[in-house]
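# Observations on the three-dimensional arrangement
Residue-level listing of the chains:
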Amino acid sequence: MMRFVLSRLITAIPTLFLVSLAVFTLIRLIPGDPVSLMLGDNVDEQAYAAMSQQLGLDRPIAMQFLIWLKALFSGDLGHSITTGEAVLPLVLHRFGISAQLVLVAVAISTVIAVPLGMVAAWRQNSSFDLSVVVGATMLMSIPTFWMGLMLLLYFGLNLSWLPVIGYVSPAEDFWAGLIYLIMPVAALVLHETGILVRMVRSSTLDVLRLDYVTHARAKGLTEGEVLRHHVLRNAFGPTWTLLGLILGNLLGGVAVVETVFTIPGLGRLIVESIYGRDYPLLQGCLLFVAITYVVVNLIVDLCYPIFDPRVKSV
Amino acid sequence: MSSKKRFLLSTLPVLGMLCGIPAAAETLNVQITADIRSSRPGVNRDALSDSVALNVGEGLVAFGERGQIVPMLAEDWTVSDDGRVYTFTLREDRLFHNGAPLTAEIVKQSWEALMAAPDFTCNIYFNGNRGSAVERIEAPDARTVIFTLAEPDAMFLKNSAQSLCGGMAIMHADSFDGDGNWKGPVGTGPFVFDEWKRGQSIHLTKFAEYVPVGEGIDGYGGRKEVLVDDVNLIVTPDRATAVAALRSGDLDIVPYLSTSEAGELTENPNFQVHAAPHGGMITLLMQTADPVLSSTEMRHAIAKSLNIPELVDVATNGLGEANASLVPIGSVYHGEVQERAIDYAPEEVSALLKAAGYSGQELVIQTNRRNPINENVAVIAQSMLQAQGIRARIEVLEWATQLDRFRNGNFQLSAFNYSNRSDPALAYSAVVASKEDRGSAIWDDPEAIELVEKTFQTPDGEERQALFDALHELYLEQMPFVMLANNLDVSVSASYVQNYRTWNGFTRLWGVSLDR
């Protein structure tokens with residue numbers, strides 16, 4: 001097991017290096033730079049040169065990359081050009097906010113989607129199955145920003161049950177924080193549930209057709225026992241993989257949901273750093289996202305044996 | 001809400017008073033489209049940071065409503081005959097938010113600290129680059145501050161009152177920690193900078209010891225009476241969310257709204273929409289170094305193809321007003337001469353095109369979607385140009401990309417907005433320069449450059465007016481770009497908000513009250 005973890009971590013190093021190189025280069029290839037944005041239309045070449053020098057942007061790109069890489073090895077991701085804050089604590093803080101939103105949403109989605117998808121597959125072609133498929137397709141087709149706005153308008157504006165803007169950390173005030181999280185979590189849950197239901201239903205259908213399920217039924221097991229003990233574990237494998245991808249993707253920031261619901265998460269930070277051409281911040285954010293993706297998928301791989309004993313033997 | 005419920009709710013404050021329960025704090029909730037960059041006036045700033053800084057800090061002087069200089073922390077001042085020495089007398093009753101009284105020594109320290117800051121935006125105005133260098137600052141007694149300039153500079157007061165310089169707000173030494181690092185603003189303004197939750201909100205509280213001066217609200221100066229207990233500036237990047245929050249009562253004021261969104265709310269009795277022009281400029285820039293556009297006839301053909309009043313009306317959803325001059329409509333220098341414009345004359349266009357040697361070359365209009373007015377201008381101008389046989393194509397760019405092209409002069413036509421300039425000389429200096437010296441220069445003409453230089457050296461008065469008149473006549477003759485209108489402050493507030501207006505792009509929070 002230890003060897004597996006180590007090998008996965010070692011293979012992640014070139015991936016992360018390539019990601020950092022790509023991010024570093026690509027952001028600088030886009031027209032516009034932080035100094036131009038800071039000066040706006042109040043252009044003064046002398047001020048531009050002075051500010052570029054102060055930020056180290058007048059050096060060759062290769063040199064800038066090496067300086068950044070050197071600092072990176074000592075755990076220093078630099079400082080945001082926009083706010084002057086240290087990048088690492090800022091990214092960690094914003095990641096914490098996104099993570100609480102995403103983890104809660106994905107957990108709720110899973111709890112809803114797994115039984116729903118399984119029952120839909122078990123009752124294939126019934127009206128229940130049909131409504132689950134139609135509902136799931138609709139949910140996954142609706143963009144999250146639109147879903148978010150509809151929730152805002154209905155529960156925030158029409159019913160006045162929930163606050164339309166603002167954010168309170170649950171660590172500061174648990175109940176107030178919970179209230180502010182309801183709508184963004186709901187927007188994510190609705191969308192992700194649609195995706196997960198489709199996957200659970202599809203993999204359950206595959207498993208239900210296998211011989212050992214027929215054998216289990218022939219042994220006289222009830223349908224509930226067949227589903228719980230024989231179908232669920234085998235059908236959950238592909239869903240678990242998808243969950244890993246969804247988590248990795250969402251933990252990298254849910255920019256749209258965070259923007260609509262004014263949540264100061266990692267996604268909004270990434271978008272702001274792109275618009276502001278905040279190079280150190282964007283590099284730090286994307287490197288962190290890449291690491292998150294690697295770690296989440298590693299954890300997903302390590303958990304496979306729990307659901308599928310065949311993986312353990314391999 | 002039923003009338004019974006409404007009645008019960010309306011009696012609650014009275015019952016509260018009778019029972020000795022303190023009245024609930026009057027909190028003003030205001031949208032801010034993005035987080036501020038820093039809390040230090042004039043350092044690592046943008047327009048939103050300036051807006052917060054100017055509610056918290058005050059300089060010696062400030063801009064009044066019509067762009068004139070009005071006293072602020074200085075009661076009055078004198079200028080020496082040679083124009084180099086400015087002597088300010090400070091007001092007696094001013095206190096900092098930490099309770100310390102304002103003294104000349106603190107003014108001196110505050111200016112010196114700001115000018116020494118490496119990322120102070122306005123260094124160019126005080127180091128001899130664009131304005132005269134400040135040679136020395138002296139504090140001979142507690143109420144007198146003397147600034148000695150290296151050479152006479154008629155713009156010294158105006159430069160120091162600029163919003164991008166944070167109005168050169170005087171900050172107490174307690175604004176810094178023991179190591180000299182910026183901690184937070186301790187100013188003399190009507191609001192105290194209480195708390196900044198990065199990415200979320202900024203909380204300002206009423207400065208109870210603040211003594212308002214003057215008769216009425218006057219730009220960044222005048223009477224600054226705070227009529228609420230505190231203000232929450234809530235970061236709300238999404239416009240649709242901000243409008244929903246305004247409707248739900250989570251926000252009381254949305255200070256910057258697009259003209260189209262504001263237009264939708266104009267008829268709604270629950271909201272007040274205010275639109276007013278400021279010193280920013282909505283323009284259609286022309287690259288005079290471009291082979292096609294280097295011809296004056298070609299540029300005149302473009303100008304005469306555009307029905308500017310109609311273009312401005314449509315582009316701003318009926319809220320804007322055409323202005324052919326770089327002198328803002330509200331300025332004391334906007335007179336009869338500035339009213340003159342190149343009239344819409346489609347019948348003259350074909351002759352001008354012929355004289356320019358135009359043979360159907362395609363012109364590209366750059367624009368962005370960050371400011372919907374720019375995009376509207378590009379679309380309407382394209383249609384008007386094509387109607388006169390001038391081929392035009394629109395290229396929509398992300399704002400940073402358009403700004404980069406602007407900085408390098410890499411465009412043919414550009415639907416571009418200049419930010420607010422508090423003095424017409426600053427507006428002219430933004431466009432007039434040698435293209436060799438500055439890639440973003442639009443109007444490269446020796447006569448115009450000389451005239452602009454003079455506006456910087458000439459004190460306010462008739463002589464300065466004559467210079468602005470001459471510049472406008474020259475502009476109409478050469479037509480180096482098309483000035484369309486002044487940019488707009490469009491704000492929306494709930495019907496119970498009294499006296500709020502965004503002024504010159506600035507969220508002015510004093511004088512605002514709530515009447516729920």
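These lines cover the structure that appears in this document, whether it is placed above or below.

Conventions we followed
Residues numbered from 1 in each chain as written. Chains lettered and ligands numbered in written order. Predicted model: local features only at pLDDT ≥ 70, side-chain atom pairs only at ≥ 80, totals over all residues. Heavy atoms only, no water. Core = buried A, V, L, I, M, F, W, Y, C linked by side-chain atoms within 4.5 Å. Buried < 20%, exposed > 50% of the residue type's maximum accessible area, 1.4 Å probe, protein only. Helix = DSSP H or I, 4+ residues; strand = E, 2+ residues; numbered from the N terminus. Domains from an automatic or database assignment. Contact = heavy atoms within 4.5 Å. Disulfide = S-S within 2.5 Å. Axes fitted to C-alpha atoms, helices over the stretch in contact; angles between N-to-C directions. Parallel < 35°, antiparallel > 145°, perpendicular 65-115°, else oblique. Left-handed = near helix turned anticlockwise from the far one by under 90°. Nonpolar A, V, L, I, M, F, W, Y, C, P; charged D, E, K, R; others polar. Pairing = 2+ DSSP bridges. Phe/Tyr/Trp six-rings, centres within 6.5 Å; stacked < 30°, edge-to-face > 60°. Lys NZ or Arg CZ within 6 Å of the ring centre and 35° of its normal.

## So, the nonpolar core
Residues and elements named next belong to chain B.
- Counting residues in each nonpolar core, the largest one holds 125 residues, and the members touching the most others are Trp111, Phe126, Phe147, Phe156, Ile302 and Leu306.
- For this core, the element with the most residues is helix 12 (residues 372–387), which contributes 7 residues.
- Two domains share this core, each providing at least three of its residues, namely domain 1 (16–252 + 496–514) and domain 2 (278–487).
- Ignoring anything within four residues of it in the chain, the contact list for tryptophan 111 reads Leu60, Phe126, Ile137, Phe147, Phe156, Ser160, Met168 and Ile170.

## Things to note about the state of the cysteines
Residues and elements named next belong to chain B.
- Summed over the entire model, instances satisfying the criterion amount to 1 disulfide over all chains.
- A sulfur-sulfur distance of 2.0 Å marks the disulfide that ties cysteine 122 to cysteine 165. When the S-S torsion is -90°, as for the bridge of cysteine 122 with cysteine 165, the disulfide is left-handed. On the criterion of sequence distance, the pair formed by cysteine 122 in the loop between helix 3 (104–116) and helix 4 (123–126) and cysteine 165 in the loop between helix 5 (156–161) and strand 8 (191–197) is long-range, its members being 43 residues apart. The pair formed by cysteine 122 and cysteine 165 is uniform in burial state, with each residue classed as buried.

## Overview of the packing of helix 10 (residues 223–251) of chain A against helix 13 (residues 279–307) of chain A
Residues and elements named next belong to chain A.
- Where helix 10 contacts helix 13, the axes come no closer than 9 Å and their chain directions differ by 165°. With respect to their mutual orientation, helix 10 and helix 13 come out roughly antiparallel. Like other packed secondary-structure pairs, helix 10 and helix 13 cross with a definite hand, here right-handed. Only Thr292, Tyr293, Val296, Asn297, Val300, Cys303, Tyr304, Pro305, Ile306 and Phe307 of helix 13 make contact with helix 10, whose side of the interface consists of Arg233, Phe236, Gly237, Trp240, Thr241, Gly244, Leu245, Leu247, Gly248, Asn249 and Leu251.
- Residue classes in the contact of helix 10 with helix 13 are distributed as 13 nonpolar, 7 polar and 1 charged.

## Concerning the sheet that holds strand 5 (residues 85–90) of chain B
All names here are of chain B.
- Across the sheet, which stays open at both edges, the 4 strands sit in the order 4-5-7-6 with antiparallel pairing between neighbours. Of all strands in the sheet, those bounded by a partner on one side alone are strand 4 (74–79) and strand 6 (134–141). When the angles between neighbouring strand axes are averaged without regard to direction, this sheet yields 20°.
- Inspection of the sheet shows strand 5 paired to strand 7 (residues 144–149) by 5 bridges, in the antiparallel sense. Bridged to valine 85 within strand 7 is threonine 148.

## What to know about the packing of aromatic side chains
- Taken as a whole, this structure holds 31 aromatic pairs over all chains when the rule is applied.
- When the ring of Phe95(A) is compared with that of Phe288(A), the centres are 4.9 Å apart and the planes differ by 70°; the resulting orientation is edge-to-face. Of this pair, Phe95(A) sits in helix 5 (residues 87–122) while Phe288(A) is found in helix 13, placing the two residues 193 residues apart along the sequence. Each member of the pair Phe95(A) and Phe288(A) is classed as buried.
- Site record: aromatic cluster; members linked through ring pairs are Trp77(B), Tyr86(B), Phe88(B), Trp111(B), Phe120(B), Phe126(B), Phe147(B) and Phe156(B).
- If you follow Arg198(B) out to its NZ or CZ, it ends over the ring of Trp196(B), 4.1 Å from the centre.
- It is Arg407(B) that lies over the ring of Tyr48(A); its NZ or CZ is 3.6 Å from the centre.

Treat this as a map of the structure, not an account of what it does.
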